[in-house]
Structure formats: structure tokens, C-alpha cells
Amino acid sequence: MQTINQDIKTGQFHRAYLLYGEEDYLKLQYRDRLVRALTGGQESMNFSRMEGDDCDLKGLIDLAQTMPFFADHRCILIMESGFFNSSNDELAAYLETVPETAVLIFVEKAVRKSTRPFKAMVKYGYACEFLKPDERILMQWIGGRLSKEKKTMSPEAWREFFLRSGENMENMEREYEKLVTYCLDRERIELDDVRAITSRPLNNRVFDLIDAMARRDGKLLLEHYADMIAAKEPPLRILSLIERQFIQMLAVRQMSSDHLSDREIGQKIAVSPYIVGKIRRSSESYSQEQIRQLLADASDMEERIKTGKITDRLGVEVLMMRYAR
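This one's a predicted model, so the numbers in the text were calculated from it and none came from an experiment.

### Points about unusual backbone geometry
Located in the positive-phi region is F70, a residue other than glycine, with phi close to 50°. Mapped onto the elements of the fold, F70 is located in the loop between α3 (57-65) and β3 (74-79). Judged by its relative accessible area of 77%, F70 falls in the exposed class. Residue K150 is not a glycine yet carries a positive backbone phi of 60°. Counting through the fold element by element, K150 comes out in the loop between α6 (135-148) and β6 (152-153). K150 sits in the exposed class, given a relative accessible area of 68%.

Printed below as a string of C-alpha cells:
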């Protein structure tokens, strides 16, 4: 990313860029920064865009070979082309000969690093992978923004904000703007502020269900379930997330017995160390046999729901109450 920042600052661009990876927020931010730096905006006769099935290599090459109109560069944005998932010899060869008057920007979710086009991009252009940031990086990012606003956030407020944002930069950006506006006249953001104004994603609310099940609190469990149904969450989606949670319980217990730290476990199952701790605490209420049996019962209940033997809402409620006893 520093390379892209430097290219934009100096105006000395690579002939081709490949932005790829799971972190869409940052990836699209850098895509837009490159496009603006090259064209001043997408509304330009020197800007072209291709996407998905419309990505045609011959058409791309023809555009790149066309001289820009009263500008230094013609900018061509290629979104989710799939060109870097196979050994496309023609693209690999062309990346070596892209004219100085063209800049190609490829944006992909996934690539295969063993392909010839990817290796050619590394050699003749610039490839940048955008990985999901960990909690430390997200805390620094939000901390920097708070500092500019001359605000601080209590540790308890950060923890709740982090959980409600779902470790997703796009969600975090949206919830941050709401929170700062809500606390406009105060310098410090507290836990109550986060709870008052930010939204809770479905994954986060499933923790409430699991906690109520683990504490054998059937009344609270049904209250949480009713709230999720009222929020238009499909029962089968809730069931899927419960299954995912119990699968993670098995994984956390196994890796903990292998003496892996919460950070190491979190990296393997793609959650924060704090979430690993919550999963471990919930798992302590069940034996491994009970967890495996719940997963089997959940699969059976899903089949009963899909074949019309029981309604989806009642089926999920019956399953949860069985394990809350």
C-alpha cells in the first residue's frame, strides 16, 4: 500500500496494478484513489471500466493501445475478471508490453499466485494483497480518527464497538460516523453511547443465544430469539449460525488442549482473540459429546424443516430449548 501511496504522490505510476484479497473496504479505497489520481474522477473520456463476464482481453488490449485524449494516461479498471485464476499466456505476455500511456487496474477477490499472469504482474506491475486487519490495527485506525475529532473512547466502549462492528472495516466506518455524531458535544465516548446508537450484527446477537443456552436460562433464550425474529432474521439462518458457533467450540477446545494461544486460535478460525475467549467460556457448559450431538440434532432439524414436518420458527426453538435444559 505504501507503494501505491508513493506512486500517487509522485505521479509516477506502474503500468499495471493488481489489488486483491478479502478486505474489500481498503481494496476499494485504494482502487478509487488510483482512479482519481489518474483521471480526476471516473467521468472522463480517458477512463474505461470492465467487470465480470464483460471482461474481454482483446477489448482490454485495444483500449490500452489507444492513445489518451489530452492526458498522460488512459486508465482502465478491470473488476473481478478471473484473469488471475488460470494460466492466461496472452495476458502474461501483454503485461510486459503495456504502453506508458496506459495504466491497468485489476481488482480481484481471489487469485492464484502460481499462474503466469500473477507472476508477470509481480515482475512488470505491482500486486498488493489486502488482508483482514486484526484488532490492534483496527484500534489504531479508529484511535487515529478519534484523535482528529479530539475524542477518546473508554476500553469498555471500544470492546462493545469492536464486537458490534463485526471486525469489518466497512461496518466500522458506518457505525463510527453514527457514534461520533451522537457524541458530538462530548469528548469521551462511553459504553452506554455505543449501546444506544450502534447496530448489532446477527453474528453478535447469536452470542446472546448461546450464552443463554449455556446458562440454561430458557426464558432469556426465548426473549433473544423473539427479538431476532422480530428483526426479520430467518430462523434457518439463525440455526446455521448456532451450528457454526458449536463447530467453533469444538475447534477452540481442541486447539486449547494443544496449548495454542487465543491469538493463534483466532488466526486459524478467523476471529479475534477476545471472541475466542467467549467461545471457550460457552463451550465449558457442554461436553464434547453434547456438542457433537447438538450438531447432529441441528442437521436433523434442518431436514425436518425443509421437508415441511415442522415450521422453521418452532423447529429452531425446540432445538435450542432442548439444550437449554
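### Quick notes on a nonpolar patch on the surface
On the surface, a cluster of nonpolar side chains totalling about 430 Å² of accessible area is made up of M45, F69 and F70. Mapping F69 onto the fold places it in the loop between α3 and β3. Residue class for F69 comes out partly exposed when judged on its relative accessible area of 48%.

### Observations regarding α3
Buried within α3 are the following residues: L57, G59, L60, I61 and A64. Those residues of α3 that are buried lie in contact with β2 (47-51), β3, α4 (89-95) and β4 (102-108).

Cut-offs applied
Residues take numbers from 1 onward in each chain, read along the sequence in its written order. In view of the model being predicted, local features appear only for residues whose pLDDT reaches at least 70, and side-chain atom pairs are presented and counted only at 80 or more, with totals across whole chains, interfaces and linings using the full set of residues. Excluding hydrogens and water, the side-chain values take into account all heavy atoms of the structure. Going along the chain from the N terminus, every DSSP run of H or I of four or more residues is numbered as a helix, and every run of E of two or more is numbered as a strand. The buried label goes to any residue with under 20% of its type's maximum accessible area, the exposed label to any with over 50%, and the partly exposed label to all in between, with areas taken from a 1.4 Å probe on protein chains only. Patches draw on residues past 30% relative accessible area with no salt bridge. Two like charges within 9 Å are joined, as are two nonpolar side chains (Val, Leu, Ile, Met, Phe, Trp, Tyr) within 5 Å. Here the Shrake-Rupley method, with its probe set to 1.4 Å, supplies the accessible areas, and only the displayed protein chains count as covering residues. A pair is scored as a salt bridge if a Lys or Arg side-chain nitrogen falls within 4 Å of a carboxyl oxygen belonging to Asp or Glu. Here a residue-residue contact requires only that any non-hydrogen atoms of the pair lie within 4.5 Å.

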